[in-house]
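Architecture and fold: a report
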Amino acid sequence: MVTAGIRDLKAKFSSYVDIVRSGKMIAVTEHGEEVAIIIPVSNERKAVKSLVKSGKAHWSGDKPKGVEGIKIKGKPLSETVLEGRQ
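Nothing here was measured: the structure is a model prediction, and the numbers come from that model.

Regarding the overall build of the protein chain
The helix and strand tally for the protein chain stands at four helices and three strands. Each helix and strand of the protein chain, ordered N terminal to C terminal, gives the series β-α-α-β-β-α-α. At 19 Å, the protein chain has a C-alpha radius of gyration far larger than the 12 Å of a compact globule built from 86 residues. Across the protein chain, the 16 positively charged side chains and the 10 negatively charged ones have centroids separated by 7 Å.

Below you can see the structure in the form of structure tokens.
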């Protein structure tokens, strides 16, 4: 993981974005202490954005709603979790 102080991050932001785009994470530090992590956009987020762009889903930023054409097999995960707690 790449580490960058806030001052350096601000001064060279474009080059740090290129690092993240290549798949690496950046730990942001302030006075030597990690305060944040910048990560690449996940494949899942890209997939959801693609579904929204194609009109197959609607998304307001929360949990995706209105996905069409996708069928899920099996019981809901919540049921599996509850069964595991018994």
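Description of the nonpolar core
Formed by Ala-4, Leu-9, Tyr-16, Val-20, Ile-26 and Val-28, the largest nonpolar core amounts to six residues. In this view, Tyr-16 contacts Val-2, Ala-4, Asp-8, Leu-9 and Ile-26; residues no more than four positions away in its chain are not counted.

Describing the sheet that holds strand β2 (residues 26-30)
If you walk across this open sheet you meet the three strands as β1-β2-β3, and the pairing is mixed. Strand pairing shows two members of the sheet lacking a second neighbour, β1 (2-5) and β3 (33-38), which therefore form its edges. Here the average twist between neighbouring strands, direction ignored, is 30 degrees. In this structure, β1 lies alongside β2, joined through four bridges in parallel fashion. Looking at β2, one finds that Val-2 is bridged to Ile-26.

How each quantity is defined
Residues numbered from 1 in each chain as written. Predicted model: local features only at pLDDT ≥ 70, side-chain atom pairs only at ≥ 80, totals over all residues. Heavy atoms only, no water. Helix = DSSP H or I, 4+ residues; strand = E, 2+ residues; numbered from the N terminus. Rg over C-alpha atoms; globule rule 2.2 N^0.38 Å. Lys, Arg positive; Asp, Glu negative; His and termini not counted. Charge placed at Lys NZ, Arg CZ, Asp CG, Glu CD. Core = buried A, V, L, I, M, F, W, Y, C linked by side-chain atoms within 4.5 Å. Buried < 20%, exposed > 50% of the residue type's maximum accessible area, 1.4 Å probe, protein only. Contact = heavy atoms within 4.5 Å. Pairing = 2+ DSSP bridges. Axes fitted to C-alpha atoms, helices over the stretch in contact; angles between N-to-C directions.

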